[in-house]
Amino acid sequence: MAAARRLISSAFSRSLLRSTFTARSLERSSTLENAISRYSTAAALEEPITPPVQVNYSKLLINGQFVDAASGKTFPTLDPRTGELIAEVAEGDAEDINRAVSAARKAFDQGPWPRMTAYERSKILWRFADLVEQHNDEIAALETWDNGKPYEQAATAELPIFVRLFRYYAGWADKIHGLTVPADGPHHVQVLHEPIGVAGQIIPWNFPLLMFAWKVGPALACGNTIVLKTAEQTPLSALYVAKLLHEAGLPEGVLNVVSGFGPTAGAALASHMDVDKLAFTGSTETGKIVLQLAAKSNLKPVTLELGGKSPFIVCKDADVDKAVELAHFALFFNQGQCCCAGSRTFVHESIHDEFVAKAKARALKRSVDSEQFEKILGYIRAGVEGGATLETGGDRLGSKGYYIKPTVFSDVKDDMLIAKDEIFGPVQSILKFKDIGEVIKRANNTHFGLAAGVFTQDIDTANTLTRALKAGTVWVNCFDVFDAAIPFGGYKMSGIGREKGIYSLHNYLQIKAVVTPLKNPKWL
């Protein structure tokens, strides 16, 4: 189970390693889309090597100390390339969540973090970003070993974005302020923006470090304390960077990290009566459970970033070669294990056949994961049985690890499972459409609304589609651009609230109005 739901690539193949450990010499982009496009459709199966990094942190981090689980239990985290053991990790449960929440509560109510100046908090976040940058290569190697993504993607795209996010929130820390507002009468009215308290956060396995940054960065900038539950599949990198955050000067108890499973540690955190706010990234099904637990306990506010089934619309005026390349990137980046993957590729009928042929040829250049592996193969079988045309792929690659051939379906209909469900794997579904009105209706005919892509040379078409599509992000002639300042979140069952940018700060602040009478004021 610990190996399930992780992307597999030849991340530590011998050929890739020769070049990737010169990552510091490569130009690092400020946006994920620019940085990853060079290698997002990686590499063939090769003999895995031993990763050049040690696992030094595998216990729970509570009140600034690495400690065993109260039960003494551990669970294995496995190398997804081979299924072999990386390390035994402390398995937190409800008792450990209680310990972590108590530490976070004491740190908030009595500790220095919310009481120090915002500028001092910002300096700690800046120092942390510098430390992560200094340890870039070993953190990237650990992320790749535990998660399975290509090393170069982790080292030259995701780690620089991680650093940028923490510097972004360091910059916000001393710029969070309230308002003075006029009232209809002799009263002085202040609106204060206060830290919300103890934040519970649950992050997924597909982007462990980036999700750490999306959650922890704004919460700390606002002066909160945190209990973070990592995904049981990928617990290692969060423990490593949390240690660096304490080296940067973070006080004890401000950030607590508990590794464990959803039904035990996750449920205990979501339902805890002394947690003031909850943030969760994961599947829509689990998000519903998290929201229910939060409501049944102390009605804590919840931010949810959930699943998607994003349309990627290729209009009739598109350059087909460029559209094929971007559609391929939109779906196959991170081997399709991305919540906003452009997994429904709508192509205008006039260029449909040419697009399908070129999309098939493009997919033949690339490779993928036990539980998630079987889930993807199940959807592929459903696509074939449902009548879609399997253009390429459709089965496992090799006999070791959890690799799946990149898969392309054409003749996909809207009511097929592969067109409706979030597969979270390298499966592209191509659907034909006739006109803009039709594709808007079909693209919006989903329970999800996380993201969408539009490929067109016509500004009027672009404007029509961007305003009509019910999605939290619409990328026009690009995809997966994740700047620190750009808000991210979904419509409908894709979530509640927004991550990143100024909007993420709102998730971790309470608003208080303070009203004081004015006697004989000179002005109002």
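Residues numbered from 1 in each chain as written. Predicted model: local features only at pLDDT ≥ 70, side-chain atom pairs only at ≥ 80, totals over all residues. Heavy atoms only, no water.

### A closer look at the nonpolar core
Now for step 1: One finds F128, F162, F166, F212, L220, L255 and F355 to be the most contacted residues of the largest nonpolar core, which totals 103 residues.
Now for step 2: If you tally residues by element for this core, the top one is helix α6 (residues 151-172), at 12 residues.
Now for step 3: Apart from residues lying up to four places away in sequence, L255 is in contact with L61, F212, V216, I226, L228, A242, L245, H246 and L250.
Now for step 4: F373, L377, A419 and L465 belong to the second-largest nonpolar core, a separate cluster that totals 28 residues. (Core = buried A, V, L, I, M, F, W, Y, C linked by side-chain atoms within 4.5 Å. Buried < 20%, exposed > 50% of the residue type's maximum accessible area, 1.4 Å probe, protein only. Helix = DSSP H or I, 4+ residues; strand = E, 2+ residues; numbered from the N terminus. Contact = heavy atoms within 4.5 Å.)

### Quick word on the sheet that holds strand β6 (residues 187-195)
Through backbone hydrogen bonds, the strands of a sheet pair up, either in parallel or in antiparallel fashion.
Now for step 1: Read across the sheet, three strands follow the order β5-β6-β20 without closing on themselves; strand pairing throughout is antiparallel. A strand with exactly one partner marks an edge of an open sheet, and here the two such strands are β5 (179-181) and β20 (509-517). Across the sheet, the mean angle separating the axes of adjacent strands is 25° when strand polarity is ignored. (Pairing = 2+ DSSP bridges. Axes fitted to C-alpha atoms, helices over the stretch in contact; angles between N-to-C directions.)

### Some thoughts on the pattern of salt bridges
Now for step 1: For the structure on display, the rule yields 21 salt bridges.
Now for step 2: Put simply, E133 and R167 hold a salt bridge, and the shortest N to O gap is 2.9 Å. Of this pair, E133 sits in helix α4 (residues 118-134) while R167 sits in helix α6, and the two are 34 residues apart along the sequence.
Now for step 3: When its relative accessible area of 35% is taken as the criterion, E133 is described as partly exposed.
Now for step 4: D414 serves as the salt-bridge partner of R442, at 2.7 Å between the closest nitrogen and oxygen. Taken together, the residues R442 in helix α15 (residues 436-443) and D414 in the loop between β15 (407-410) and α14 (417-420) connect sequence positions 28 residues apart. (Salt bridge = Lys/Arg side-chain N within 4 Å of Asp/Glu carboxyl O.)

### Overview of the packing of aromatic side chains
Now for step 1: Within the structure shown, the criterion is met by 18 aromatic pairs.
Now for step 2: The structure contains a cluster of three or more aromatic residues connected by ring pairs, namely W214, F312, W475, F479, F482 and F488.
Now for step 3: Sitting above the plane of the Y508 ring, K277 keeps its charged end 5.6 Å from the centroid. (Phe/Tyr/Trp six-rings, centres within 6.5 Å; stacked < 30°, edge-to-face > 60°. Lys NZ or Arg CZ within 6 Å of the ring centre and 35° of its normal.)

### Focus: helix α9 (residues 262-270)
Now for step 1: Listed in full, the buried residues belonging to α9 are A265, G266, A268, L269 and A270.
Now for step 2: In the core, the buried residues of α9 are packed alongside α3 (94-109), β7 (198-202), β8 (225-230), β9 (255-259), β10 (277-281) and α10 (284-296).

### Quick notes on α6
Now for step 1: Counted at 1.5 Å a residue, the expected span for α6 with its 22 residues is 32 Å, and the 31 Å between its end C-alpha atoms agrees.
Now for step 2: The principal kink in α6, of about 35°, is found at E158, preceding the proline P160 by one to four residues.
Now for step 3: With respect to burial, α6 is a largely interior element, 19 of its 22 residues being buried. (Expected span 1.5 Å × (residues − 1). Bend = angle between axes of the 7 residues up to and from the residue.)

### A few points about the packing of α4 against helix α8 (residues 236-247)
Now for step 1: Their axes nearest at 8 Å, the elements α4 and α8 cross at an angle of 130°. In terms of orientation, α4 and α8 fall into the oblique class. Once α4 is placed against α8, the crossing between them reads as right-handed. Counted together, L125, F128, L131 and V132 of α4 and V241, L244, L245 and E247 of α8 form the full contact between these two elements.
Now for step 2: Along the lines of polarity and charge, the residues of the contact of α4 with α8 split into seven nonpolar, no polar and one charged. (Parallel < 35°, antiparallel > 145°, perpendicular 65-115°, else oblique. Left-handed = near helix turned anticlockwise from the far one by under 90°. Nonpolar A, V, L, I, M, F, W, Y, C, P; charged D, E, K, R; others polar.)

### Some points on the sheet that holds strand β14 (residues 389-392)
Now for step 1: Taken together, the seven strands give an open sheet; going across it, the order is β14-β15-β16-β13-β12-β17-β18, and neighbouring strands pair in mixed fashion. Across the chains shown, the open sheet's two edge strands, defined by having one partner strand only, are β14 and β18 (473-476). Taken over all neighbouring pairs, the strand axes of this sheet differ in orientation by 25° on average, direction set aside.
Now for step 2: Across three bridges, strand β12 (residues 311-314) lies against strand β17 (residues 451-455) in parallel orientation. Bridge pairing links I313 to V454 in β17.
Now for step 3: On top of the sheet, helix α13 (residues 371-385) reaches β14, β15 and β16 (427-433); it is set at about 25° to β15, its chief contact.

### Considering the environment of W172
Now for step 1: Turning to its location among the elements, W172 is positioned in helix α6.
Now for step 2: We classify W172 as partly exposed; its relative accessible area is 21%.
Now for step 3: Between the C-alpha atom of W172 and that of S122, which follows or precedes it by 50 residues, the distance is 7.8 Å.
Now for step 4: Not counting the four nearest positions on each side in its chain, W172 is found in contact with I502 and L505.

### As for the side chain of T392
Now for step 1: Structurally, T392 can be placed in strand β14.
Now for step 2: Those residues in contact with T392 that sit more than four places away from it in its chain are K360, A363, L364, P406, T407 and V408.

### A word on the packing of helix α11 (residues 320-332) against helix α12 (residues 352-363)
Now for step 1: For the pair α11 and α12, the least separation of the axes is 10 Å and the interaxial angle reads 50°. Classified by the interaxial angle, the pair formed by α11 and α12 is oblique. Taken as a pair, α11 and α12 cross one another with a handedness that is right-handed. Along the contact surface, α11 presents V320, D321, A323, V324, E325, A327, H328 and F332, while α12 presents E354, F355, K358, A359, R362 and A363.

### A look at the side chain of R442
Now for step 1: Judged by its relative accessible area of 15%, R442 is buried.
Now for step 2: Of the polar contacts made by the side chain of R442, one reaches the backbone oxygen of K432; its length is 2.7 Å.
Now for step 3: Polar contacts involving the side chain of R442 include one to the side chain of E438, which spans 2.6 Å.
Now for step 4: Among all residues touching R442, those that are not within four sequence positions of it are R344, F346, D414, L431, K432 and F433. (Polar contact = N/O pair within 3.5 Å; in protein donor to acceptor, adjacent residues only side chain to side chain.)

### Describing the environment of A238
Now for step 1: Tracing the sequence through the fold places A238 in helix α8.
Now for step 2: Sequence spacing of A238 and I203 is 35 residues, and the spatial spacing of their C-alpha atoms is 9.9 Å.
Now for step 3: Leave out the neighbours within four places in its chain, and A238 touches F212, L228 and T230.

### What about the environment of I404?
Now for step 1: With respect to the helices and strands, the residue I404 is situated in the loop between β14 and β15.
Now for step 2: A C-alpha to C-alpha distance of 7.6 Å links I404 and P426, two positions 22 residues apart in sequence.

### Some remarks on the pairing of β10
Now for step 1: Extensive coverage of β10 is indicated by the burial of five of its five residues.
Now for step 2: Residues K277, A279 and T281 point to one face of β10 and L278 and F280 to the other, with burial holding for every one of them.
Now for step 3: Bridge count between β7 and β10: four bridges; the pairing is parallel. In the strand pairing of β10, G200 is matched with L278.
Now for step 4: Relative to strand β11 (residues 302-305), β10 runs parallel, the two being bridged by four bridges. Following the sheet pairing, F280 is matched in β11 by L304.
Now for step 5: Crossover handedness for the path β10 to α10 to β11: right-handed. (Right-handed = clockwise from strand over helix to strand, strands pointing away.)

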